[in-house]
Amino acid sequence: MKSLGEMRIQCGGCLPHLGMVIAWLSPLAATSAHAAPDFDRDIRPILKAACTHCHGEEDPIAGGVDLRLRRFLLTNADSGEPVIVPGDPDASLLVRVVESGEMPQEGKPLEPAAIATLRAWIAAGAPVEGEEPETLAPGPFISHVERSHWAFLPIADPPVPDTLDPERVRTPIDAFLASPQQTAGLRFADDADRETLIRRLSFDLTGLPPTPEEIEAFVHEPAADAYEQLVERLLASPAYGQRWGRHWLDVAGYADSNGQVEADSLRPHAWRYRDYVVDSFNADKPWDQFLTEQLAGDELAGVVHGETNEAVLDPARRELLIATGFLRTAPDGTGDNPPDAVLARNDVVAEQLKIVSSSLLGLTVGCAQCHDHRFDPITHADYYRLRAVFEPVFDTEEWRPPNQRLCSLATPEDREKSAEIEKQAAVIDADATAMQKQFLDEIFEKEIVKLPEEDREPYREARATPKAEQTPEQQALIKKYPSALALYSLDLYDAEAQKKVAARRAEAAELRKTKPPEEFLRVAVEKRDRVPETHLLHRGDPAQPKQAVAPGELTVLAGPAVTPFEPAVVEGGSSGRRLAYARWLTSSEHPLVARVLVNRIWMHHFGEGLVSSEGDFGLAGEPPSHPALLDWLATRFMENGWRLKDLHRLMVTSTAYRQQARNRDSEAIDPDNRLLARWHVRRLDAESIRDAMLAVSSRLSSDSGGPAVAVGRDDLGRIVVGQEQYDGNGDIVGVANAGESGARRSLYVLNRRSTPLTALATFDAPAMLPNCEQRISSTVAPQSLFMLNDTFVLETSQALAARLRTERPGELRAQLQLAWRLLTAHEVSEQVIAEGMIHIAEQTESLRQFHAARAQATPPAEGAPLPDPQAEALASYCQVLLSSSRFLYVD
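Computed from a predicted model, the values in this text were never measured in an experiment.

**Brief notes about the overall build of the protein chain**
- A count of helical and extended segments in the protein chain gives 34 helices and ten strands.
- Along the longest, intermediate and shortest principal axes, the C-alpha atoms of the protein chain span 115 × 85 × 55 Å.
- Summarising the internal contacts of the protein chain: among those between residues at least 6 apart in sequence, 72% fall at separations of at least 24.
- A total of about 39,300 Å² of accessible surface is found on the protein chain, and carbon and sulfur atoms cover 53% of it.
- In the protein chain, 93 positive and 134 negative side-chain charges are present, and the distance between their average locations comes to 3 Å.

Structure follows, in structure tokens:
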């Protein structure tokens, strides 16, 4: 048996996280300066993160040392030494091995602060609150402290607090925020001006800037509810669904390619799920329905594999099938010959479970795939119970690669028409074949007379015999006179005959092109009456299956409603497991789903969630800054029918949302703005930057939905909008201009995992590996270089300048005023305009001299357009504005 010092952590998958969490635990040392640490609250998390995987959770227990309970630590190790000596940390084996670095042997050592907490606890007599279990079998143990973690408790409905500043309280949100502000000596900042508010709200709700006309109308609207009217107009815009649908597609892991392997093959039919999401947002579909459809739309529709033809003809059932695209978003290269097919299948399931659990539970459930979760009360068995809920739809034993998880949208009429066309084409093909045979037979008759007479009839018989039935003698005869065969091709002296045959075959091919095009849905459906068994995989290895596990919720979350787990009764022959699970998730009893969703909506509106670790509501995540507000919002969200637009209204009409970004007291007292006494200035996200540039230059296409716009790699290595062009060798020679479709919103541009659009990747568009719970917003040199040099920026600047000259012809001052209005929503001072006019005049003169010198050195071709120095100077000025913080940031 291994001793305490000999044990090593076997799985390296979580080692990078270990140091992070131990660092998170380090502040617990500060607790000891004020009160003795407690075992369950302060010590057990440290031991669980670094030690108990080997010392308590596996059988046999390493070194005879079980670190799961305080009283176990009072026993001796196999070496005979006491693990701890209450009151004497220096005599404690545990302290010695962690201070020396002997343990843990893999991963980062414990942080000094964590070790100090251990010492302080032992020195205080190693106290523990409450009673511990009398016995504990080897394996995971969920303590009362873990069960009482705030995120695992039922969602409360706290009362709205009173406030000392009622004039600044517009909504209950403000009341919840004002109370801690007042405690800190703060109050909300003043309201932002109307120009700022319309730009903020427009980008927030639609991802697009307001037009000058919209700005003017709002600024001068006298109605007391002008702001509320603006909110309603933006929520009713189709652009709302495009903007907020993109947010959900991030956490859903949406991409237009399969990923996982180098081929990164395309998903040509994935766009239907994207459009389903956009339409659902615009329709304000209740989120309990929205989530249930995505998790179990096939079970609601009563559909199983191979039996979808009737369902797709019913628009309602077809929509339910499209919704299951949510379960098809994980990287899946199983159709691209992965090196290890079994491992690839299991990776697809594992990645999809990460998407489901992170998007809905806000937990890192995937960390329990190989062993018990190091930080949260999620066991190895829990992981596979959750997997069992989804096992029938994935079915790794009878796996279906992506091209076998499609269902056709062809109608009976389409199929009948296609069959009739195919019948006609087959007649033409048969005629072409008969023509070819006739020509070949004619050649044969000419060739056979060249053979010795005694070989002619045997050769004729051999030629007429199918190759598989030919005797050795016949094969030898044909080999002896190969030129006489005239069976597989026509001789070049019969070019006219070849043309006639080719023409008939071409006629059949053209006829087949008239068949109704066959479209497909990417769906997740089960096989009829097949419920594969799920096994716990040792170390997450599919080659090491252990005991079978039944479906169920994570132990720490499982309430009476899902204990025991019972599948839903469904029509159609599927298991009913996912429908039962979806109904549990969207019940008011689940402690996480509504909190996670509300927190994510808050993040998108205010820049940071009430729980700042948006993807981790577990013990290693951040606690909520305003827990009562989070629960109040979650309760209202559910009570109001899980409708998102009501939640938007509540948030964006609050004083907290309408306040300006400057508040000197807040900046001094609360630099991180966790008390929200000022607006959080943010850079536009990648899609909004590109879309806004297209919008202000009058190039943005209003086309929505449908297949994604193609992208390709140009000769500079950039990924740009357009179709790649190839030479005869299959090498890329350029990217064809996509025309108007290239100016569609970024949502509709092909999102290929291996080749993201350069204009988006530069500004932190996420890589779907497998999804994105929270985007980063970086400030790096390539962004400045992009705005300085990229052809998309240069073309946008020229188009914007052309718009200014068209709408304000001959009036440079008015052109600059319009430019600022378009890009910032604000009017600027006369000094700024005057400086701009001087700059453009100087640029115009410099460009005039440049063009004159170039024309003198190299005379332009006859008929070549003459340069326009003033237009170029204005475009240069526009490029400066597009690159400015005033355009790229929202205040």
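**Some points on unusual backbone geometry**
- Here T563 and P564 are connected by a cis peptide whose omega angle stands at -5°.
- Residue position: P564 is located in the loop between strand 4 (545-549) and helix 21 (577-585).
- Residue L769 is joined to P770 through a cis peptide bond whose omega torsion reads -5°.
- Although it is not a glycine, Q260 adopts a positive phi angle of roughly 70°.
- Assignment of secondary structure puts Q260 in the loop between helix 11 (238-252) and helix 12 (271-282).
- Its relative accessible area of 33% is what places Q260 among the partly exposed residues.

**Examining the side chain of R718**
- By the secondary structure assignment, R718 is in the loop between strand 6 (711-713) and strand 7 (719-721).
- Overall, R718 belongs to the buried group, its relative accessible area being 16%.
- Polar side-chain contacts of R718 include one of 2.9 Å to the side chain of D790.
- A polar atom in the side chain of R718 sits 2.9 Å from the side chain of T791.
- Beyond its immediate stretch of four places on either side in the chain, R718 contacts G712, R713, T758, D790 and T791.

**Looking at the nonpolar core**
- If you look at the biggest cluster of nonpolar residues, it comprises 128 residues, and the most contacted ones within it are W248, W287, L363, F390, W602 and L633.
- With residues up to four places along the chain from it excluded, the contact list for W287 reads W248, F281, L597, F637, W642 and L644.
- Membership of the second largest hydrophobic core comes to 46 residues, among which are F203, L694, L816 and L822.

**Structural notes on the packing of aromatic side chains**
- Summed over all chains, the structure comprises 22 aromatic pairs.
- Pairing F390 with Y581 gives two aromatic rings, centres 6.1 Å apart and planes at 85°, and the pair type is edge-to-face. One end of the pair, F390, is in helix 16 (residues 380-394); the other, Y581, is in helix 21, with 191 residues separating them in the sequence. Pair check on accessibility: F390 and Y581 agree, each one buried.

**A word on the pairing of strand 9 (residues 732-736)**
- Relative to strand 9, strand 8 (residues 723-726) runs antiparallel, the two sharing four bridges. For E724, the partnering residue across the bridge sits in strand 9 and is V735.
- Connecting strand 8 to the antiparallel partner strand 9 that follows it, the hairpin turn spans five residues, and G730 within it adopts a positive phi of roughly 85°.

**Describing the environment of Q105**
- In this fold, Q105 is placed in the loop between helix 4 (93-99) and helix 5 (112-123).
- Between the alpha carbons of Q105 and C51 there is a distance of 9.9 Å; along the sequence they are 54 residues apart.

**Examining the pattern of salt bridges**
- This structure, assessed with the given rule, holds 61 salt bridges.
- When the shortest N-O distance is used, the salt bridge between E232 and R649 registers 2.6 Å. With E232 in helix 10 (residues 226-235) and R649 in helix 24 (residues 644-652), this pair connects stretches of sequence that are 417 residues apart.
- Judged by relative accessible area, which is 35%, E232 ranks as partly exposed.
- Accessibility expressed as a relative area gives 27% for R649, which makes it partly exposed.
- Two residues, E687 and R775, come together in a salt bridge whose shortest N-O distance is 2.7 Å. Placement of E687 in helix 27 (residues 686-696) and of R775 in the loop between helix 28 (758-761) and helix 29 (781-789) is noted, with a sequence separation of 88 residues between them.
- Residue class for R775 comes out partly exposed when judged on its relative accessible area of 23%.

**Some words on the state of the cysteines**
- Taken as a whole and judged by the stated rule, the model has zero disulfides.
- Sulfur of C51: no disulfide; nearest cysteine sulfur belongs to C54 and is 9.0 Å away.

**Considering the packing of helix 15 (residues 341-360) against helix 22 (residues 593-606)**
- Running from N to C, helix 15 and helix 22 point in directions that differ by 80°, and their axes come no closer than 8 Å. One element, helix 15, and the other, helix 22, form an angle in the roughly perpendicular class. Counting all contacts with helix 15, which are made through S358, S359 and L360, the residues of helix 22 involved are V593, V596, L597 and R600.
- Looking at the contact of helix 15 with helix 22 residue by residue, the classes come out as four nonpolar, two polar and one charged.

**Focus: the packing of helix 22 against helix 23 (residues 627-639)**
- Following both chains from N to C, one finds helix 22 and helix 23 inclined at 105°, their axes separated by 9 Å at the closest point. Overall, the two elements helix 22 and helix 23 adopt an arrangement that is roughly perpendicular. Only L629, L630, D631, L633, A634, F637 and M638 of helix 23 make contact with helix 22, whose side of the interface consists of A594, R595, L597, V598, N599 and W602.
- Looking at the contact of helix 22 with helix 23 residue by residue, the class counts come to ten nonpolar, one polar and two charged.

**Examining the side chain of N673**
- Residue position: N673 is located in the loop between helix 26 (664-669) and strand 5 (682-683).
- Taking the relative accessible area as the measure of exposure, N673 reaches 8% and is therefore buried.
- Sequence-distant contacts of N673, that is, excluding residues within four places in its chain, are made with S666, R678, W679 and H680.

**Some thoughts on the environment of T563**
- Relative to the helices and strands, T563 resides in the loop between strand 4 and helix 21.
- Taking the C-alpha atoms as reference points, T563 and Q849, separated by 286 residues in sequence, lie 82 Å from one another.

**Here we look at the environment of L629**
- When you line up the elements, L629 lands in helix 23.
- Residues L629 and L177, 452 residues apart in the sequence, show an inter-C-alpha distance of 7.9 Å.
- Non-local contacts of L629, meaning those with residues more than four positions away in its chain, are made with I173, F176, L177, W602 and L610.

**Concerning helix 7 (residues 172-183)**
- Over its twelve residues, helix 7 runs 18 Å from end to end, which matches the ideal 16 Å to within 8%, given 1.5 Å per residue.
- Taken residue by residue, helix 7 has I173, D174, A175, F176, L177, A178 and Q181 as its buried positions.
- Check the buried side of helix 7 and you find it contacts helix 22, helix 23, helix 24 and helix 25 (655-658).

**Section: the confidence of the model for the protein chain**
- For the protein chain, mean pLDDT is 92; residues scoring 70 or higher make up 95% of the total.
- For the stretch residues 1-13, pLDDT sits under 50, and the model shows 38 contacts to residues farther than four places along the chain or on other chains.
- Within the model, the stretch residues 15-33 combines pLDDT values under 50 with 37 contacts to residues more than four positions away or in other chains.

Reading guide: rules and limits
- Residues numbered from 1 in each chain as written.
- Predicted model: local features only at pLDDT ≥ 70, side-chain atom pairs only at ≥ 80, totals over all residues.
- Heavy atoms only, no water.
- Helix = DSSP H or I, 4+ residues; strand = E, 2+ residues; numbered from the N terminus.
- Contact = heavy atoms within 4.5 Å.
- Areas by Shrake-Rupley, 256 points an atom, 1.4 Å probe, with all protein chains shown as cover.
- Lys, Arg positive; Asp, Glu negative; His and termini not counted.
- Charge placed at Lys NZ, Arg CZ, Asp CG, Glu CD.
- Buried < 20%, exposed > 50% of the residue type's maximum accessible area, 1.4 Å probe, protein only.
- Polar contact = N/O pair within 3.5 Å; in protein donor to acceptor, adjacent residues only side chain to side chain.
- Core = buried A, V, L, I, M, F, W, Y, C linked by side-chain atoms within 4.5 Å.
- Phe/Tyr/Trp six-rings, centres within 6.5 Å; stacked < 30°, edge-to-face > 60°.
- Pairing = 2+ DSSP bridges.
- Salt bridge = Lys/Arg side-chain N within 4 Å of Asp/Glu carboxyl O.
- Disulfide = S-S within 2.5 Å.
- Axes fitted to C-alpha atoms, helices over the stretch in contact; angles between N-to-C directions.
- Parallel < 35°, antiparallel > 145°, perpendicular 65-115°, else oblique.
- Nonpolar A, V, L, I, M, F, W, Y, C, P; charged D, E, K, R; others polar.
- Expected span 1.5 Å × (residues − 1).
- pLDDT = per-residue confidence, 0-100.

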